[in-house]
Each structure stands twice: as C-alpha cells, then as structure tokens.
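Observations on chain architecture
One-letter residues, chain by chain:
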Amino acid sequence: MSGPTTILIAEDQRMMRSALTSLLDLEADLTVVGGVGRGDEVVAAAQRLRPDVVLLDIELPGRSGLDVIAPLLEAVPGCDVVVVTTFGRPGYLGRALAAGARGFLVKDDPVEQLAAAIRRVRAGERVVDPQLAAEALFVSDTPLTEREADVLRASATGAAVVDIARKLSLSPSTVRNYLSNAIGKLGARNRIEALTMARDRGWL
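Residues numbered from 1 in each chain as written. Predicted model: local features only at pLDDT ≥ 70, side-chain atom pairs only at ≥ 80, totals over all residues. Heavy atoms only, no water.

Before going further, it helps to examine the sheet that holds strand 2 (residues 30-36). Pairing within the open sheet is parallel, and its six strands lie in the order 2-1-3-4-5-6. Strand pairing shows two members of the sheet lacking a second neighbour, strand 2 and strand 6 (127-128), which therefore form its edges. Bridge count between strand 3 (residues 53-56) and strand 4 (residues 80-85): four bridges; the pairing is parallel. Directly across from L56, in strand 4, lies its bridge partner V83. Strands strand 1 (5-10), strand 2 and strand 3 of the sheet are contacted by helix 2 (residues 42-49), whose axis makes an angle of about 160° with strand 1. (Pairing = 2+ DSSP bridges. Helix = DSSP H or I, 4+ residues; strand = E, 2+ residues; numbered from the N terminus. Contact = heavy atoms within 4.5 Å. Axes fitted to C-alpha atoms, helices over the stretch in contact; angles between N-to-C directions.)

And the structure:
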C-alpha cells in the first residue's frame with residue numbers, strides 16, 4: 001500500500017505557510033514534508049525532499065513562481081505542480097499551464113477544495129479554478145515580445161534607462177525603443193501605466 005502524498009509548500013508568508021501545513025497535515029492521505037519562502041529555493045528543496053506535489057505561489061522573492069515551474073519539473077520528474085496564489089489572473093493561468101503546472105487555484109478557496117485538487121492532480125487530472133478558467137477564454141495572448149517584457153519588468157523599480165540598459169546588457173537607445181514599443185502596443189500613456197496593464201493581464 002502506498003503512503004500519503006508528500007507536499008512541498010513554496011509560500012513567502014510564513015503564517016500562510018504554517019497554516020497550510022497544519023490544515024493539510026490533518027488529511028490522512030496528505031503530508032507536508034517541507035516549506036520554502038523564496039522562489040530561488042524551490043528547485044533545491046524539491047530535489048532534496050522529492051515531494052509528490054509542490055504547492056507554488058507566484059509572487060515569491062528571488063524568483064517568480066511562474067519561472068520556477070519548468071526547471072522544477074525538469075529537476076524532479078514525476079512531481080506535480082499546483083499553483084496557489086492571490087493573483088488569479090488569466091494571463092498567469094496560461095503561463096502556468098504552458099510551463100507544466102497541473103493545477104491553478106486561488107487562496108480564497110477552502111482548504112478542503114485544495115486537498116481535493118491535490119488528489120485529483122495526482123490521479124492525472126488538471127484542476128483549474130472554474131471562474132478563472134472562464135475569464136481566460138476572453139483574454140488574448142501577450143502582444144509583447146520577450147525582450148519588451150524583460151525591459152518593462154526591469155523598469156518596475158523606477159530605474160533609469162541607463163540602469164536598465166546596464167542590467168540587461170543593452171544600449172540605452174535599445175531600451176528606449178523597447179519601452180516605446182511596449183507602451184504603444186498596450187495603449188498606455190507611460191511605462192508605469194504599461195507595467196500596471198501588463199501585470200494585471202498576467203503578461204509579466
């Protein structure tokens with residue numbers, strides 16, 4: 001007889017991580033084997049603990065949860081990823097599923113629903129928050145190129161063009177062009193508005 005499903009929780013809020021651990025451990029067939037608070041710690045922890053499922057937040061320090069999914073699945077074959085996030089945006093859903101996530105839920109859902117989702121994922125199903133799935137039908141793919149997205153993302157701190165250029169190994173004129181293109185494609189008035197719009201749609 002196989003043992004309980006083992007779970008690694010990647011969540012930067014310690015209280016939330018602790019609460020999820022306590023609640024999931026009440027389920028006889030589920031057990032939490034570890035937790036991390038940074039995105040750049042997920043792969044190493046998963047390689048060490050070999051969990052059946054990783055519950056992954058999106059907004060993590062060090063590395064976005066969305067960027068962790070593909071390398072995690074490559075490093076730990078057979079592991080399933082379930083994204084559990086406050087940021088229930090259709091664009092994020094598309095990126096998560098494209099990277100290989102098997103589930104996408106929002107934190108408002110009761111823990112019983114999360115436990116049921118984990119079981120369904122381990123049974124081979126794909127589980128997505130139904131409201132978010134419906135919204136995703138009406139959201140188009142990002143119009144931004146990868147480089148435009150990189151430059152727009154790098155501008156989030158309010159950095160000057162020369163600093164963004166140095167960080168991304170580009171010339172300042174190229175950075176200005178990418179920013180201008182991104183602003184134009186999104187119909188924004190400036191890069192701050194473009195950044196907000198792209199984030200709201202889950203394109204960054």
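Further remarks concern the pairing of strand 5 (residues 103-106). Residue alternation in strand 5 divides its side chains into two sets, G103 and L105 and F104 and V106, and both sets are buried. Bridging between strand 5 and strand 6 involves two bridges; their strand directions are parallel. Considered in strand 6, the bridge of G103 is made with V127. Handedness of the strand 5-helix 5 (residues 111-122)-strand 6 crossover: left-handed. (Buried < 20%, exposed > 50% of the residue type's maximum accessible area, 1.4 Å probe, protein only. Right-handed = clockwise from strand over helix to strand, strands pointing away.)

By the definition in use, this model includes one cavity of 30 Å³ or more. By volume, the largest cavity is sized at about 40 Å³. Considering the residues around the largest cavity, the lining is formed by I9, A10, E11, L20, L55, L56, D57, V84 and K107. Within the residue set of the lining of the largest cavity, elements represented by two or more residues are strand 1 and strand 3. Within the lining of the largest cavity, the residues separate by chemical class into six nonpolar, no polar and three charged. (1 Å grid on protein atoms, 1.4 Å probe; cavity = no way out; pocket = protein on both sides within 12 Å on 5 of 7 lines; lining within 4 Å. Points joined across faces, edges and corners; volume = space filled by probe spheres on them. Nonpolar A, V, L, I, M, F, W, Y, C, P; charged D, E, K, R; others polar.)

Here the focus is unusual backbone geometry. For R50, which is not glycine, the phi dihedral falls at a positive 50°. Residue placement: R50 occurs in the loop between helix 2 and strand 3. Accessibility expressed as a relative area gives 46% for R50, which makes it partly exposed. A positive phi angle, close to 60°, is found at S169, a residue other than glycine. Note on placement: S169 falls in the loop between helix 8 (161-168) and helix 9 (172-186).

Distances and angles like these do not, on their own, reveal function.
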